[in-house]
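Below, each chain spelled out in residue letters.
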Amino acid sequence: DVLAASGVVDAGAAGLCVLLDSLAATVTGGAAAGAFEVPAPVPGRGPGHGPAGTFSRGSTAVHRSYGYEVTYLLEAPDEPVGVLRERLDALGDSLVVVGGEGLWNVHVHVADAGAAIEAGLLAGRPRRITVTWLGPVVGGTGGDGGRGVVAVADGEGLAALLRSGGARVLQQQGACGPAVPVLVEAIRQAGAQVAVIPGAERVAALAQAAATRLEDEGITVSVIPARFPLQGLAALAVHDPEREFGADVTAMTEAAAGMRYGSVIGPGPDGGFIGLDGEESRVAAAAQRDVAAMLVTRLLARGGELVTLMEGAGAEPGLARLVADEIAQTRPSVEVVCYRDGPVPLLIGVE
């Protein structure tokens, strides 16, 4: 019943099997004798959809203190889910995968939340992602002399994505960015070696000021040159807490610098919208979709394999989807990822 109330599995046979298998593994100090496969409806599926549920125990032979609980609903066929279990099993423990017929509930405790979500992206389409901090990670990236990432986000949508990648997030309050003392304290809590993702030019200057203050405390701070919100996502996507700090900062810097970006803003005094290529105004039109289409064409004229779209405040309904569909028709080899809840009608990143 507890597992059912938490939304991990349905009550009844599936919940009992998960509980018994976890108990057996805990008592014996290793994996339980057998895997359970039972019918288990997936939340959100209607009557008549009772897929075969599966449970994966995860690695329990060695008990460690993992920093994050990661859960998500995954749309994926059966075969890649098997590979996903192996990847998550290697990353952490308390692993549960329940579902079938293309829809799965995933739950795992890991030190690297971003890696667990990336594994889901490789298997299919994760959604309803939640990341919960469970406590200190032994030898990990917490604020106990280890490593960390601090990011500043303009809006809840960006904040949620950055948190899911394992960053400590400060949400920007107003146009001036966070106060330097607030940024300093967030960096202190993150660790002794900290990468800061500012997400805006004005925040980068504040981050440099915070880094200067912390030098005397023996805290190494590197400010990633991510001056645009989506550049921060690109940097965090390549972050590896197991890599040497300098090499990790270099990889994050290259990822941020490798993204060309633009945005659709407005409306202006005349009711029209403007497309910014970088920081410069390049295109304008009365309709957001027209500005977005011209801007994407301009950005992709210099090449690109991945386009990230974030629809946000003031956007016409379905703007990101309209742009994604047009890219699919004109450039079918380009991958497109869409997000919501951005700070302006549309943010565009090209890698």
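The text that follows walks through the structure, step by step, so that each part is easy to find.

Cut-off values and rules
As a convention, each chain's residues are numbered from 1 in the sequence order in which they are written. Confidence filtering applies because this is a predicted model: local features only for residues at pLDDT of at least 70, side-chain atom pairs given and counted only at 80 or more, and all residues used for totals across whole chains, interfaces and linings. Excluding hydrogens and water, the side-chain values take into account all heavy atoms of the structure. Labels follow the DSSP assignment, with helices taken as runs of H or I lasting at least four residues and strands as runs of E lasting at least two, numbered in each case from the N terminus. Summary of the burial criterion: residues with accessible area below 20% of their type's maximum are buried, those above 50% are exposed, and those between are partly exposed, where the area comes from a 1.4 Å probe applied to protein chains only. The contact rule is simple, with two residues in contact once any of their heavy atoms fall within 4.5 Å. Note on areas: these come from Shrake-Rupley sampling with a 1.4 Å probe, and a residue is covered only by the protein chains present in the view. Strand pairing is defined by DSSP finding a minimum of two bridges between the two strands. Helix span is expected to be 1.5 Å times the residue number reduced by one. Note on geometry: axes are lines fitted to C-alpha atoms, helical ones only across the stretch in contact, with angles between N-to-C directions running from 0 to 180 degrees. If an angle is under 35 degrees, it is roughly parallel; if it is over 145, roughly antiparallel; if it lies from 65 to 115, roughly perpendicular; otherwise it is oblique. Side-chain classes are defined by residue name, with Ala, Val, Leu, Ile, Met, Phe, Trp, Tyr, Cys and Pro counting as nonpolar, Asp, Glu, Lys and Arg as charged, and the others, Gly among them, as polar. Put simply, a salt bridge is a Lys or Arg side-chain nitrogen that is within 4 Å of an Asp or Glu carboxyl oxygen. By convention a nonpolar core is built from buried Ala, Val, Leu, Ile, Met, Phe, Trp, Tyr and Cys residues, the set being connected through side-chain atoms within 4.5 Å. Take the far helix as your reference; a near helix turned counterclockwise from it by less than a right angle gives a left-handed crossing, and one turned clockwise gives a right-handed crossing.

All right, on to the overall build of the protein then. Scanning the protein from terminus to terminus reveals eleven helices and 16 strands. Counting all 351 residues of the protein, 48% fall into the buried class. When contacts within the protein are restricted to residue pairs at least 6 apart in sequence, long-range pairs at least 24 apart make up 69% of them. By element, 54% of the accessible surface of the protein is carried by carbon and sulfur atoms, the whole surface being about 16400 Å².

To continue, consider unusual backbone geometry. Note that the residue after G266, namely P267, is joined by a cis bond; omega there is 5 degrees. Along the chain, P267 turns up in the loop between β11 (260-265) and β12 (273-277). Residues other than glycine seldom take positive phi values, yet S94 does so here, at roughly 55 degrees. Checked against the element boundaries, S94 lands in strand β4 (residues 92-100). Positive phi, normally seen in glycine, also occurs at D341, with a value near 70 degrees. In this structure, D341 sits in strand β15 (residues 335-342).

Note that β11 and strand β16 (residues 346-350) share five bridges and pair antiparallel. Residue pairing across strands places V264 opposite L346, the latter belonging to β16. As judged from the four bridges shared by β11 and β12, these two strands associate in the antiparallel manner. In the strand pairing of β12, G262 is matched with D277.

Every α-helix carries 3.6 residues per turn, so stepping three or four residues along brings you back to the same face. A rise of 1.5 Å per residue sets the reference length of helix α10 (residues 288-300), with its 13 residues, at 18 Å; its end C-alpha atoms lie 18 Å apart and thus fit the reference within 8%. Among all positions in α10, only Q288, V291, A292, A293, L295, V296, L299 and L300 are buried. Considering only its buried residues, α10 is in contact with β11, β12, β13 (280-285), β14 (306-312), α11 (319-330) and β16.

Right, let's get into the packing of helix α5 (residues 156-164) against helix α8 (residues 229-237). Packing of α5 against α8 leaves a shortest axis separation of 10 Å and a crossing angle of 10 degrees. Considering their axes alone, α5 and α8 lie roughly parallel with respect to each other. Two secondary-structure elements touch here, α5 through L158, L161 and L162 and α8 through P229, L230, G232, L233 and L236. For the contact of α5 with α8, the residue count by class is seven nonpolar, one polar and no charged.

Once that is clear, we can look at the pattern of salt bridges. Evaluated as defined, the whole model comprises 13 salt bridges. Linking R298 and D277 is a salt bridge whose minimum nitrogen-to-oxygen distance equals 3.0 Å. Here D277 lies in strand β12 and R298 lies in helix α10, a separation of 21 residues in the sequence. Relative accessible area serves as the criterion here: at 14%, D277 is assigned to the buried category. Its salt-bridge partner being D325, residue R321 comes within 3.8 Å of it at the nearest N-O pair. In this pair, R321 and D325 are both assigned in helix α11, four residues apart and thus about one turn of the helix distant.

Those residues of α5 not exposed but buried are G157, L158, A159, L162 and S164. Immediately downstream of α5, the backbone of G166 shows phi near 100 degrees, a positive value.

With that settled, consider the nonpolar core. Core analysis: the biggest nonpolar cluster contains 26 residues, and V149, L162, I197, I224, L230 and M252 have the highest contact counts within it. Mapped onto this core, the elements with two or more residues apiece are β7 (147-153), α5, β9 (193-197), α8 and α9 (245-257). Setting aside residues no more than four positions away along its own chain, L162 makes contact with A151, V152, A153, A167, V169, G232, L233 and L236.

Ordered in space as β13-β12-β11-β16-β14-β15, the six strands form an open sheet in which the pairing is mixed. On the outer flanks of this sheet lie β13 and β15, each paired with one strand and no other. Looking at each pair of strands side by side, their axes are set apart by 20 degrees on average, direction ignored. Relative to β16, α8 is tilted by about 45 degrees, and along the sheet it contacts β11, β14, β15 and β16.

What follows covers the packing of α10 against α11. Axis separation between α10 and α11 bottoms out at 10 Å; the angle between their running directions is 40 degrees. What the angle tells us is that α10 and α11 run oblique. As α10 packs across α11, the resulting crossing turns out to be right-handed. Taking contact as the criterion, the partners of Q288, R289, A292, A293 and V296 in α10 are, on α11, L319, L322, V323, E326 and I327. Each residue belonging to the contact of α10 with α11 can be placed in one class, and the counts come to seven nonpolar, one polar and two charged.

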